[in-house]
Amino acid sequence: MIPSNFEFMAALLKEKSGLIITADKIYLLDARLSPIARKHNLAGLDALVMAMRAPLATALVNEVVDAMTTNETSFFRDKTPFDALKNSLIPGLVARRAAQRSIRIWSAACSTGQEPYSLVMMLRDQFPALKDWRIEIVATDLSPTVLQRARDGVFTPFEVQRGLPIQMLVRHFDQVEQNWQIKPDLRRMIDFRPLNLLSDISALGKFDIILCRNVLIYFDQLTKGTVLSRMARMLPADGALILGGAESVFGICDALGDVPGLRGVYGPAPGMKTVQRPEFQQQQVLIAS
Amino acid sequence: MTSIYKADTMFGDDSEETVSEAPKFCLIVDDSSTIRKFSARLLTSMNFIVGEAEHGLAAVEACRLVVPDLVLLDWNMPEMNGLECLKALRAMDLKPRPAIVMCTTENVLPKITEALAAGADEYIMKPFDRDVLRDKLAQLELV
């Protein structure tokens, strides 16, 4: 790939998604974009960039951004954050929100939906006491393509075998020919919305828990700091931000500090000015039994 | 008897996992030698010692000699099929109780439900790969 084309691609990806591609990550471009070049009968990545530079290449540009930002995911990906949710964070909210009987959770960069669906399955199975609570789960992603897949909730046999215990498959999915679709009542619990994390995310309102895992690793330090500071302002004093295993707030965002005993979980730093969490007014969904 | 039970057969050398625990023992029960070899290669790289049986009856006999930690069990086999074998193994009340994972092309919901009711702990729908096998065994805390 000639340097000017690499620079074009890197600048475009940063502008559209915040993704930082440095010269040592060129293999990522090759691995993810070569199939797109082949599909469009283009000789390679240089030819792909040529095609992207053409007027009215929006669809191709979107396809490239999707390919670079869609990451492998699985149900209940990583044990640690789901243990924290099940054993500490959700029970804590059940106790502290007993008066309001409402919880808001945001799955940021939800990809094809495995993370928010894991969450609703866990809430349904482990927290029957929430049956009559107002639970709002907002799931966002940059890519309209993967969001539509997430809304449909249809997964291949390979996908439902990644991280999902068979008992949960039987309980929460319908078989649709060769594939598996999560049951309608669970699909209705999630509000899927397109969102660029670099845009004004504060319009989403306040959340008790934000999951933003394995996304920040693709951003530069400045962008990480900006996104984390905005998320910090969206949390109540007892709110929690869950990051991926390779991510941290330290040295990047002073508004957040670790939650003792919970690896990868962060909350508003002591002394940080937070706003009382208002009652949410957006779509509210009951967890029906 | 047509069993080809081998208590410590090792296949391949792709031992990518770094592990320090004592190896666990898995009995692979499948009438396809190709599937047995494929599964054995994956399992040995996950620190398992593997044995093989080519049908349910051979598996039951093998489990009388050595109780495995894990049985990876196909459904459609001659002599005794996987569901009958599953029921027989659970009726034997083996100690310590082995994990039994069905591994089959019988991928419809009623079959899965039937196997779970008969005592299967997990269910792998063929075709499968290393990631699927590893995830399923992780759920059973075997890796």
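The numbers attached to residues start from 1 for each chain and follow its sequence in the written order. A letter from A marks each chain and a number from 1 marks each ligand, given out in the order of writing. Totals for whole chains, interfaces and linings use all residues, but because this is a predicted model, local features are given only for residues with pLDDT of at least 70 and pairs of side-chain atoms are given and counted only at 80 or more. To obtain the side-chain values, all non-hydrogen atoms of the structure were used and water was disregarded.

A short note on the overall build of chain A
Consideration 1: By definition, any uninterrupted DSSP run of H or I lasting at least four residues is a helix, any uninterrupted run of E lasting at least two residues is a strand, and each is numbered from the N terminus. On a plain count of helices and strands, chain A comes out with 11 helices and 11 strands.
Consideration 2: Relative to the globule expectation of 19 Å for 289 residues, the C-alpha radius of gyration of chain A, 20 Å, shows essentially globular dimensions.
Consideration 3: Overall, chain A is about 60 × 50 × 30 Å in size when its C-alpha atoms are taken along their principal axes.
Consideration 4: Burial status across chain A gives 50% buried among its 289 residues.
Consideration 5: Contacts are residue-level and defined by heavy atoms, with any inter-residue pair within 4.5 Å sufficient. Considering only contacts within chain A whose residues lie at least 6 apart along the sequence, 75% involve residues at least 24 apart.
Consideration 6: Areas reported here follow the Shrake-Rupley algorithm with a probe of radius 1.4 Å; residue values treat only the protein chains shown as occluding. Total accessible area on chain A stands at roughly 13,100 Å², and carbon and sulfur atoms take up 55% of it.
Consideration 7: As used throughout, the charge tally considers Lys and Arg to be positive and Asp and Glu to be negative, leaving His and the chain termini uncounted. By convention, the point assigned to a charge is CZ for Arg, NZ for Lys, CD for Glu and CG for Asp. Taking the average place of the 33 positive charges on the side chains of chain A and the average place of its 29 negative ones, the gap between the two points comes to 4 Å. Here the globule rule reads 2.2 Å times residues to the power 0.38, and the radius of gyration is calculated from C-alpha atoms. Only protein chains enter the accessibility calculation, which uses a 1.4 Å probe; a residue is then buried when its area is under 20% of its type maximum, exposed when over 50%, and partly exposed in between.

Some points on the nonpolar core
Consideration 1: The term nonpolar core refers to a set of buried residues drawn from Ala, Val, Leu, Ile, Met, Phe, Trp, Tyr and Cys, joined through side-chain atoms within 4.5 Å. Formed by 71 residues in total, the largest nonpolar core has its most connected members in Leu85 and Phe173 of chain A.
Consideration 2: Counting 26 residues, the second-largest nonpolar core is a separate cluster that includes Val215, Val227, Leu228 and Leu243 of chain A.

So, the interface of chain A and chain B
For an interface, size is often stated in terms of accessible area lost upon the parts coming together.
Consideration 1: Taken together, the contact between chain A and chain B spans 14 residues of the former and 19 residues of the latter.
Consideration 2: Buried area: the accessible surface (1.4 Å probe) lost by two parts on joining, summed over both. At the boundary of chain A with chain B, total buried surface from both sides reaches about 1,500 Å², with 59% on carbon and sulfur atoms.
Consideration 3: In terms of surface lost to chain B, no three residues of chain A exceed Phe158, Gln161 and Ile166 of chain A, which account for 44% of the buried area on that side.
Consideration 4: Put simply, Arg162 of chain A and Asp131 of chain B hold a salt bridge, and the shortest N to O gap is 3.8 Å.
Consideration 5: Among the elements of the structure, α8 (157-160) and α9 (166-172) of chain A are those that each provide at least two residues to the side of chain A that touches chain B.
Consideration 6: With four residues, α9 of chain A is the largest single contributor of residues to the side of chain A that touches chain B.
Consideration 7: Broken down by class, the residue content of the side of chain A that touches chain B amounts to nine nonpolar, four polar and one charged. One speaks of a salt bridge when a side-chain nitrogen belonging to Lys or Arg is within 4 Å of a carboxyl oxygen belonging to Asp or Glu. Polar here means any residue outside two lists: the nonpolar Ala, Val, Leu, Ile, Met, Phe, Trp, Tyr, Cys and Pro, and the charged Asp, Glu, Lys and Arg; Gly therefore counts as polar.

Some points on the environment of Arg97 of chain A
Residue and element names in this part refer to chain A.
Consideration 1: Mapped onto the fold, Arg97 is located in the loop between α5 (79-96) and β1 (102-108).
Consideration 2: Exposure remark for Arg97: the relative accessible area of 6% places this residue in the buried category.
Consideration 3: Considered as a pair, Arg97 and Asp208 are 111 residues apart in the sequence and their alpha carbons are 10.0 Å apart.

Some remarks on the pattern of salt bridges
Residues and elements named next belong to chain A.
Consideration 1: This model, assessed by the stated rule, comprises 24 salt bridges over all chains.
Consideration 2: Two residues, Arg149 and Glu159, come together in a salt bridge whose shortest N-O distance is 3.0 Å. Within this pair, whereas Arg149 is found in helix α7 (residues 144-152), its partner Glu159 is found in helix α8, the two being separated by 10 residues in sequence.
Consideration 3: Salt bridges sharing partners connect three or more residues here, namely Arg96, Arg97, Asp208 and Asp238.

Limitation: the analysis is restricted to geometry and does not speak to function.
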